[in-house]
Amino acid sequence: MSHNNHPVRRTLVFFAAVWGGIFAFMARPHSTVGLFSAWPHFGQNHATVASMSPADAQVILDRYAAPVPVFDSIQTVTDSLAELMPIKDTANAHPASPALPTKEVESERPFLGYDRGAIDQFLHENLQLVGKAEAFVTLGNFFAALNAPARKPTIHVLHYGDSQIEGDRITGHLRNAWQSIWGGSGPGFLAPVSPIPTLAMRQSWSGEWQRHARFGKRDTTIRHDRYGLMAAFAQPNATQQDSIAEAATLRFEPHPRGYRRNRSFNQLHLALGQVSEPTTLQLRINEMDSVSVLLEPDSLTRNLLLPLTALDTAVFESLELRFNGGYPEVNGIGMWTDSGIVVHNLAMRGSSGTVFRQLDREQFSLQLASIRTELVMLQYGGNTVPYIEDRESAQRYGRWFTSQIRLFQSLLPDVPIIVIGPSDMARKAGTRMETYPQLALVRDALKEAAWANNILYWDIFEVMGGEGSMAAWVQSDPPLASSDHIHFTSAGAKQIAELFRQSIQAEWTLWQNTQAEQTLVHAP
């Protein structure tokens, strides 16, 4: 037999078989049923990804578009809500399952703080806070503080979170919106040496500053836990000789793209850790003559509040802090007015939100006590999602997070806490982007921790549209999320902030309505 018989035919059959196999593999459906249902599927524990287009995502956002009215007086609330919000029949309401913390059970809505019976007619379900009745009673404490005419001393809101809020994203819009309603201005606490630029303020520094954080990659040469309320501190390099070292300065200027209210403040708050030796702080405003303040040695913490009376009449252009003669640990530089409200952007890149119990307890407590904190927001979970393997590990994370919640409750009793869980996050699977399969487990663990500990939860995952929404936000025009399919763009962050503002505004309006009704009932 000749060896040249049918060589072309055999070659063609071989290639046809190979390409046929490749085509069948690529064409297989993504579900486990259909023509190729017997084909081996790897990672079958992955959740099925619901396709969502940018148009689908926009439809969801459009459902939230109806604005929540802002009321300036109790009488306006009473008159307006009579038209906007019909009284809900709670006797026939369908109760939620106690095992699944969704909306508050209607039968568990006695009048303890304020009546939330009309929330369903006033706010889309996805935007509603989740929690037991006791949690909403505590939220009423925040509203009572806002209801005071002067709001003095300043009301402080702590917005802790991971890299999703870095650069004053989300926080900045919320701060500006709340200050426009309840007064106040200024950016709040700023890191002395910021790892990334922030829109809250333009920052620069000179001298050999070193930043140390308790979250992320920790510097093992630091032998203490004095990281303070920002879980980080910066310090001039003490190894430099005073004769040759550049002066250790911190400089702040208005950011041209930031909110104008960030540029107006008359209070300067220095949260310091250890001051090892007497240090002179020189304060220079708008390049004018400086003021000197002596910092006495302290082994734990100093909270220095300096009124900036010069900024009562002058426009803020620059602020420079110069440290001479010592190397203090600087935890944070705070700027705000002496009344109104201020929201602090306390971002921790890479953090899972389980760092707080690792901080020096006495110092952390003293720094929290130095300001009038009326609300704490904890926005975490995203950094944990990629490392969760199953429900058990997600629940273990939930228990770790519970210990952080209880720490805040012990240090700030009767102060409401709102957990803002992970947003949708996507990873590449073949040619598609799919939601991380364990994201919902992390979300559920955080929601259950909030529910069990009588605090509130805001489900940013559902607000976005749930599974598959991140890819749609990335593809939106303009993009609402970045190409890493994890972080929001500036436009997306502003969208999330505005939706959260609507949620709080709805609760505030219902609280105001209850106060008006009680006033009418008890009127002589």
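Since the structure is predicted, the reported quantities are computational estimates derived from the model, not experimental observations.

A. Structural detail: the overall build of the protein. Across its full length, the protein carries twelve helices and 18 strands. Counting over 524 residues, the protein shows a buried share of 52%. As displayed, the protein offers around 24400 Å² of accessible surface, 53% of which is attributable to carbon and sulfur atoms.

B. Representation of unusual backbone geometry. For the peptide bond that leads from Lys152 to Pro153, omega is 5 degrees, which places it in the cis range. On the secondary structure map, Pro153 appears in the loop between helix H5 (133-147) and strand E1 (155-161). Along the chain, Asp477 connects to Pro478 via a cis peptide bond; the corresponding omega equals 0 degrees. Of note in the backbone geometry, Arg151 takes a positive phi value of approximately 50 degrees without being a glycine. Along the chain, Arg151 turns up in the loop between H5 and E1. One non-glycine residue, Asn286, lies in positive phi territory at about 55 degrees. Structurally, Asn286 can be placed in the loop between strand E8 (279-285) and strand E9 (291-295). Here Asn286 falls in the buried class, since its relative accessible area comes to 12%.

C. Seen up close, the confidence of the model for the protein. Chain-level pLDDT for the protein is 83 on average; 79% of the residues reach the 70-or-more range. pLDDT under 50 marks residues 22-50. Its contacts with residues more than four places away, or in other chains, come to 29 contacts. Predicted confidence for residues 103-112 stays below pLDDT 50, and this span has 25 contacts to residues more than four positions away or in other chains.

D. Fine view of the sheet that holds strand E13 (residues 341-347). Spatially, the five strands line up as an open sheet ordered E13-E1-E14-E15-E18, and their pairing is parallel. Two strands lie at the open edges of the sheet, namely E13 and strand E18 (456-458), each paired on one side alone. Taken over all neighbouring pairs, the strand axes of this sheet differ in orientation by 20 degrees on average, direction set aside. Bridge count between E1 and strand E14 (residues 373-379): six bridges; the pairing is parallel. Bridged to His159 within E14 is Met377. Along the sheet face, helix H8 (residues 391-411) touches E1, E14 and strand E15 (417-420) and points at about 155 degrees away from the line of E15. Contacts from helix H12 (residues 490-521) reach E14, E15 and E18, with the element oriented near 140 degrees to E18.

E. Up close: the packing of aromatic side chains. As enumerated under the stated definition, the model contains 22 aromatic pairs in all. Pairing Trp182 with Trp508 gives two aromatic rings, centres 5.3 Å apart and planes at 80 degrees, and the pair type is edge-to-face. Note that Trp182 is positioned in helix H6 (residues 171-182) and Trp508 in helix H12, a separation of 326 residues in sequence. With a relative accessible area of 4%, Trp508 lands in the buried category. With centroids separated by 5.8 Å and ring planes inclined at 15 degrees, the aromatic side chains of Trp508 and Trp511 adopt a geometry described as stacked. Taken together, the residues Trp508 and Trp511, both in helix H12 and three residues apart, mark about one turn of the helix. You'll find Trp508 and Trp511 in the same group, each marked buried. What links up through ring pairs into an aromatic cluster is the set Tyr114, Phe142, Phe143, Trp178, Trp182, Trp508 and Trp511. Looking at Arg116, its charged tip hangs above the ring of Phe136, at a distance of 3.6 Å from the centre.

F. Structural context of the sheet that holds strand E11 (residues 319-324). Across the sheet, five strands lie side by side as E3-E6-E11-E8-E9; this open sheet has antiparallel pairing. Every other strand in the sheet has two partners, leaving strand E3 (202-206) and E9 as the edge strands with one partner each. Pairwise comparison of adjacent strand axes, ignoring direction, gives a mean angle of 15 degrees for this sheet.

G. Highlighting the nonpolar core. Judged by nonpolar contacts, the single largest core of 55 residues is most densely connected at Phe142, Trp178, Ile418 and Trp458. By residue number, the principal contributor to this core is H12, which donates ten residues. Excluding residues within four positions of it along the chain, Trp458 makes contact with Leu127, Gln128, Leu129, Ile418, Val419, Ile420, Gly421, Val463, Ile496, Leu499, Phe500 and Ser503. Core analysis: the second largest hydrophobic core is formed by 52 residues, Phe189, Ala231, Tyr380 and Leu441 among them.

H. Layout of the packing of H5 against H12. Packing of H5 against H12 leaves a shortest axis separation of 10 Å and a crossing angle of 80 degrees. The pairing of H5 with H12 is recorded here as roughly perpendicular in orientation. Residues Phe136, Leu139, Gly140, Phe143, Ala144, Leu146 and Asn147 of H5 form the contact with H12, whose own contacting residues are Ile504, Glu507, Trp508, Trp511 and Gln512. Within the contact of H5 with H12, the residues separate by chemical class into eight nonpolar, three polar and one charged.

What counts, and at which threshold
- Residues numbered from 1 in each chain as written.
- Predicted model: local features only at pLDDT ≥ 70, side-chain atom pairs only at ≥ 80, totals over all residues.
- Heavy atoms only, no water.
- Helix = DSSP H or I, 4+ residues; strand = E, 2+ residues; numbered from the N terminus.
- Buried < 20%, exposed > 50% of the residue type's maximum accessible area, 1.4 Å probe, protein only.
- Areas by Shrake-Rupley, 256 points an atom, 1.4 Å probe, with all protein chains shown as cover.
- pLDDT = per-residue confidence, 0-100.
- Contact = heavy atoms within 4.5 Å.
- Pairing = 2+ DSSP bridges.
- Axes fitted to C-alpha atoms, helices over the stretch in contact; angles between N-to-C directions.
- Phe/Tyr/Trp six-rings, centres within 6.5 Å; stacked < 30°, edge-to-face > 60°.
- Lys NZ or Arg CZ within 6 Å of the ring centre and 35° of its normal.
- Core = buried A, V, L, I, M, F, W, Y, C linked by side-chain atoms within 4.5 Å.
- Parallel < 35°, antiparallel > 145°, perpendicular 65-115°, else oblique.
- Nonpolar A, V, L, I, M, F, W, Y, C, P; charged D, E, K, R; others polar.

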